[in-house]
Amino acid sequence: MARGPEYLERARAWRPSARALRRTFLVALLANAGIVVTGGAVRLTASGLGCPTVPRCTETSMVTTREMGLHGLIEFTNRQLTFVLTVAVVAALVTAWRAGRRDLMRLGGVLSLGIVAQAVLGAVTVLTGLNPLTVMAHFLLSMGLIAVAAYAHEVSRGPRTATTLVVRREVRALARLLAATTAAVLVLGTVVTGTGPHSGDKNASHRLPFDLESVTQLHADLVFLLVGLSVGMLLALRATGAPRDLVRRAAVLLGLLLAQGVVGYLQYATDLPVVLVGAHVLGATLVWVSALRVLLGTCVRVTPPHPLAEPAVPADGLVVPAA
């Protein structure tokens, strides 16, 4: 009979392990990335207005009905995934609170507010009939939240302490340029999408007033620049003896970019089939996360040593000077 108070006491005494903390923020990152992919599926199946109103699915029902067909089911299902994302972010926030990590609590709070902002922007997107500008904003806000989640996951890898640069300052600047160029590629990619034929619903006729071939070529040119920067980053890391983990991150980024370039060329050459466009959305998300991981990997979180202690030595063997 005393199980209730006993469970309550255990909950109060619970302190998550470092692994649990990392995993919950990894789940939050995956959830934020996953909902971008499912949102892309909604657009590519022309289901963006499958539920034509908000917060209801129809004027008379909170859920999709048989009359709404497959498009209504797809859009309604995607809306429900917001609750899955909310659970993942709240779990990360609670874990950070029980671990006493105020820095991660603040980041979890930003993610929570971002979900609310996404819900509001999603409603505006539906009510404006999938205006390409609101669709673009919806996607880019998701990319911003993914950046916060990626940073939070990186921070969760170590205690709340100081950060130390593990590469030359010139390499750090290159990593920043790499991330900024990736962000520009994403923005220009939304312009291409807003100009192209996949409006998200057969009743959504608004498109951006640009020439599709011209904006696509500009997007491709920026991708070529990004690939060049990635090659330069990988060579610079190898030449300067950067940590192995960071070199691997840069290699993964370059591999993703090359794969993304192949997909992008194929989808343009084959008149934008939805399967390839969907793969391109997934690839864009992975490239963004990978570019952020390269930037974040140029610094490591270390515990400031005692004044009389020896310099800290991370797992990769690089000696970190005492603060």
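Computed from a prediction, not measured in an experiment: that's the story for all the values here.

> Now, about the overall build of the chain: what can you tell me, with residues and values included?
From N to C terminus, the chain includes 9 helices and 2 strands. Order of helices (α) and strands (β) in the chain, N terminus to C terminus: α-α-α-α-α-β-α-α-α-α-β. In the chain, buried positions account for 43% of the 323 residues. Considering only contacts in the chain between residues 6 or more positions apart, those separated by 24 or more positions represent 75%.

> Help me get a handle on the nonpolar core, residues and values and all.
Core analysis: the biggest nonpolar cluster contains 26 residues, and Val167, Leu178, Met233, Leu237, Leu253 and Val294 have the highest contact counts within it. Those elements that provide at least two residues to this core are helix 6 (169–195), helix 7 (212–239), helix 8 (244–269) and helix 9 (274–296). Filtering out sequence-adjacent residues up to four positions away, Val167 remains in contact with Arg172, Leu237, Ala242, Leu246 and Thr298. Ala149, Ala150, Ala284 and Leu292 belong to the second-largest nonpolar core, a separate cluster that totals 21 residues.

> Before we move on, can you summarise the pattern of salt bridges with the specific residues and values?
Pairing of side chains with opposite charge becomes possible as their charged atoms draw close. Applying the stated criterion across every chain, the model contains 7 salt bridges. Close ionic contact of Asp103 with Arg101 constitutes a salt bridge, the shortest N to O distance being 3.1 Å. Each member of the pair, Asp103 together with Arg101, is buried. In this structure, the salt-bridge partner of Asp245 is Arg249, at a minimum N-O distance of 3.0 Å.

> Which residues make up helix 4 (residues 102–127), and what values do they have?
The terminal C-alpha atoms of helix 4, which comprises 26 residues, lie 38 Å apart, in line with the 38 Å expected from a rise of 1.5 Å per residue. After helix 4 finishes, the residue Gly129 shows a positive phi value of roughly 70°.

> Now, about the packing of helix 3 (residues 69–98) against helix 4: what can you tell me, with residues and values included?
Viewed as axis vectors pointing N to C, helix 3 and helix 4 meet at an angle of 165°, and their least axial separation amounts to 8 Å. Considering the angle they form, helix 3 stands roughly antiparallel to helix 4. Seen from above, helix 3 lies across helix 4 with left-handed handedness. Where helix 3 abuts helix 4, its residues Glu75, Arg79, Thr82, Leu85, Thr86, Val89, Leu93, Ala96 and Trp97 lie against Leu104, Met105, Gly108, Gly109, Leu111, Ser112, Ile115 and Val126. Residues of the contact of helix 3 with helix 4, tallied by class, amount to 10 nonpolar, 5 polar and 2 charged.

> Would you mind going over unusual backbone geometry in detail, with residue names and values included?
With an omega of 0°, the peptide bond running from Val54 to Pro55 counts as cis. Among the secondary structure elements, Pro55 is positioned in the loop between helix 2 (18–44) and helix 3. Unusually for a residue other than glycine, Ala46 sits at a positive phi of about 60°. Among the secondary structure elements, Ala46 is positioned in the loop between helix 2 and helix 3. Judged by relative accessible area, Ala46 falls into the partly exposed class, the value being 27%.

> Give me the lowdown on the state of the cysteines, citing residues and values where you can.
The full count for this structure, using the stated rule, is 1 disulfide. Linked covalently through their sulfurs, Cys51 and Cys57 form a disulfide whose S-S length is 2.0 Å. In this structure, the disulfide formed by Cys51 and Cys57 twists by about -70° around the S-S bond and is classed as left-handed. Overall, Cys51 belongs to the buried group, its relative accessible area being 0%.

> Tell me about the environment of Leu218, residues and numbers included.
Examined against the element boundaries, Leu218 turns out to sit in helix 7. Looking at Leu218, the relative accessible area reads 48%, which means it is partly exposed. Taking C-alpha positions, Leu218 is 8.1 Å from Leu188, a pair spaced 30 residues apart along the chain.

> Would you mind going over the packing of helix 2 against helix 5 (residues 132–155) in detail, with residue names and values included?
Contact pair helix 2 / helix 5: the axes reach a minimum separation of 9 Å and the direction vectors enclose 165°. In terms of their interaxial angle, helix 2 and helix 5 are classed as roughly antiparallel. As helix 2 packs across helix 5, the resulting crossing turns out to be left-handed. From helix 2, Arg22, Phe25, Leu26, Leu29, Asn32, Ala33 and Val36 reach across to helix 5, where they touch Phe139, Ser142, Met143, Leu145, Ile146, Ala149, Ala150, Ala152 and His153. Of the residues belonging to the contact of helix 2 with helix 5, the class tally is 12 nonpolar, 3 polar and 1 charged.

> Help me get a handle on the environment of Ile74, residues and values and all.
Among the structural elements, Ile74 can be located in helix 3. On the basis of relative accessibility, which here comes to 24%, the residue Ile74 falls in the partly exposed class. The spacing of Ile74 and Gly50 is 24 residues in sequence and 7.3 Å in space, taken between C-alpha atoms. Beyond its immediate stretch of four places on either side in the chain, Ile74 contacts Val42, Thr45 and Ser47.

Cut-offs used in this document
- Residues numbered from 1 in each chain as written.
- Predicted model: local features only at pLDDT ≥ 70, side-chain atom pairs only at ≥ 80, totals over all residues.
- Heavy atoms only, no water.
- Helix = DSSP H or I, 4+ residues; strand = E, 2+ residues; numbered from the N terminus.
- Buried < 20%, exposed > 50% of the residue type's maximum accessible area, 1.4 Å probe, protein only.
- Contact = heavy atoms within 4.5 Å.
- Core = buried A, V, L, I, M, F, W, Y, C linked by side-chain atoms within 4.5 Å.
- Salt bridge = Lys/Arg side-chain N within 4 Å of Asp/Glu carboxyl O.
- Expected span 1.5 Å × (residues − 1).
- Axes fitted to C-alpha atoms, helices over the stretch in contact; angles between N-to-C directions.
- Parallel < 35°, antiparallel > 145°, perpendicular 65-115°, else oblique.
- Left-handed = near helix turned anticlockwise from the far one by under 90°.
- Nonpolar A, V, L, I, M, F, W, Y, C, P; charged D, E, K, R; others polar.
- Disulfide = S-S within 2.5 Å.

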